[in-house]
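Each chain, written out:
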Amino acid sequence: MIRVLIVEDSPTMRAILMSRLANEHDIAVIATAGNAAEGRELIKQFDPDVITLDVEMPGMNGLEFLEKIMTLRPTPVIVVSGSTKDGNAVTARALALGAVDCYAKCDRSGGLPLDDNGKLASLIRYAAQVRFDDPVQKDARFARRTADALAEDVGCIAIGSSTGGVEALQVLLRDFPADCPPTLIVQHVNARFAPAIAKSLDEICPAHVVLARADMPLRKGKVYFAPGGDRHLAVTGGEGSFHTKLRPGEPVAGHLPSVDVLFETVARTFGPRSVGVLLTGMGSDGAHGLLAMAKAGAFTIAQDEASCTVFGMPRAAIALGAANIVAPIGRIARHALRHAA
């Protein structure tokens, strides 16, 4: 039985969340809290398996409360957000602080349906598998490469991540120089929050992080973040002219966008002039794509277990023999930049 604590200031929303979980045989709501202070006491009392947290609560900011949870008593947290622009930015920050995933209160029309087709329950089951025994190390750094240290004729870096990925991407991208090779990222996240996450990464990365659009030319100093939704992020081109491609399609390895799709198109387009990086995440998306990159001559990197929130995706790639090296998150930028130049 997965024991869930709901922290939500709105009594109506608490009731709706409880109704969405009422018929799940493997999930039990053990308590609800109307604010951070109540939530803190209930966490101490019940030690829940998963917490749903409204990040837009009055009183103690939801982000401040999340930061305390992740510092003092790391627990899988699903952040619950409205549909406002400000709410999206807060949710992006919550993911960067270590929240497992995000859940939108409303549907696309802004309504509050009583039934969400099991979406919340699925996220809770997913979160319950996360362990925080080995948190991401944020203080690993290395001396930045100077602008003239990068070769002119570079290919690209492709990165895939899922659970814990926003936090890992913050560590990784801080160590990218302003003139890094063109870099593409697929992070499993609700499309509603992708713009805010790209913006938050841009604020800490010396290079320019942008939300990928169709037919954007790949340029040095640019990091292209997959917008999510119903399209895969891919690359296309040749003879020195390369572009992003947003390709409609079905989920691959259970995801849309899929890391496998990005990696496979990078393997075909850039071959040995590329670097593939597979970060923390549940499942196996990206494993076969990383293998395709390795077979095409690319240099491939998997995040090590100790610095992963969830070792699923890197583990699957390592089992296939797809990773040239396995490295902690604080050293991956060094390896990727060295081999991309």
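Residues numbered from 1 in each chain as written. Predicted model: local features only at pLDDT ≥ 70, side-chain atom pairs only at ≥ 80, totals over all residues. Heavy atoms only, no water.

1. What about the nonpolar core?
For soluble globular proteins, nonpolar side chains are generally found buried alongside one another.
Then step 1. If you look at the biggest cluster of nonpolar residues, it comprises 60 residues, and the most contacted ones within it are Leu 53, Ile 157, Leu 172, Ile 197, Phe 225, Val 277 and Leu 279.
Then step 2. Contact partners of Leu 172, with chain neighbours within four places excluded, come to Ile 159, Leu 279, Ile 329, Ile 332 and Ala 333.
Then step 3. Counting residues in hydrophobic clusters, the runner-up holds 30 residues, among them Leu 184, Ala 212, Val 235 and Ala 322. (Core = buried A, V, L, I, M, F, W, Y, C linked by side-chain atoms within 4.5 Å. Buried < 20%, exposed > 50% of the residue type's maximum accessible area, 1.4 Å probe, protein only. Contact = heavy atoms within 4.5 Å.)

2. Focus: the pairing of strand S1 (residues 2–7)
Regular strands show a simple pattern: their side chains alternate between the two faces of the sheet.
Then step 1. Among the six residues that make up S1, five are buried, leaving the element largely enclosed by the rest of the structure.
Then step 2. Here S1 runs beside strand S2 (residues 27–33); their pairing, made up of six bridges, is parallel. Residue pairing in the sheet places Arg 3 in a bridge with Ala 28 of S2.
Then step 3. Note: S1 against strand S3 (residues 50–54), four bridges, orientation parallel. Counted as the bridge partner of Leu 5 is Ile 51 from S3. (Helix = DSSP H or I, 4+ residues; strand = E, 2+ residues; numbered from the N terminus. Pairing = 2+ DSSP bridges.)

3. Concerning the sheet that holds S1
Then step 1. Read from one edge to the other, the open sheet built from five strands follows the order S2-S1-S3-S4-S5, with strand pairing classed as parallel. Because the sheet does not close on itself, it has two edges, and the strands there are S2 and strand S5 (101–104). On average, each strand axis in the sheet is tilted by 25 degrees relative to the strand beside it, whichever way the strands run.
Then step 2. Sheet contacts for helix H2 (residues 36–46): S1, S2 and S3; angle to S2, the most-contacted strand, approximately 140 degrees.
Then step 3. Sheet contacts for helix H3 (residues 62–72): S1, S3 and strand S4 (77–81); angle to S3, the most-contacted strand, approximately 160 degrees. (Axes fitted to C-alpha atoms, helices over the stretch in contact; angles between N-to-C directions.)

4. A closer look at the pattern of salt bridges
Then step 1. Per the stated rule, a full pass over the model turns up seven salt bridges.
Then step 2. A salt bridge links Glu 41 to Lys 44, with the shortest nitrogen-to-oxygen separation between them at 3.9 Å. With Glu 41 and Lys 44 both in helix H2 and three residues apart, the pair spans about one turn of that helix.
Then step 3. When its relative accessible area of 52% is taken as the criterion, Lys 44 is described as exposed.
Then step 4. Note that Lys 199 is salt-bridged to Glu 203, the shortest N-O span being 3.0 Å. Here the residue Lys 199 and the residue Glu 203 both occupy positions in helix H7 (residues 194–204), the gap between them amounting to four residues, near one helical turn. (Salt bridge = Lys/Arg side-chain N within 4 Å of Asp/Glu carboxyl O.)

5. Structural notes on the sheet that holds strand S6 (residues 156–161)
Then step 1. Taking strand neighbours across the sheet as the criterion, the seven strands line up as S8-S9-S7-S6-S12-S13-S14 in an open arrangement whose pairing is parallel. The sheet terminates laterally at strand S8 (208–211) and strand S14 (325–327), the two strands that pair on one side only. Within this sheet the neighbouring strands show an average axis-to-axis angle of 20 degrees, counted without direction.
Then step 2. For S8 and strand S9 (residues 222–225), the ladder comprises four bridges, and the chain directions are parallel. Within S9, the position partnered with Leu 211 by the bridge is Phe 225.
Then step 3. Running over the sheet, helix H9 (residues 287–295) touches strand S12 (274–278) and strand S13 (299–303) and is turned about 155 degrees from S12.
Then step 4. The sheet strands contacting helix H11 (residues 329–340) are S6, S12, S13 and S14, and the helix crosses S13 at an angle near 175 degrees.

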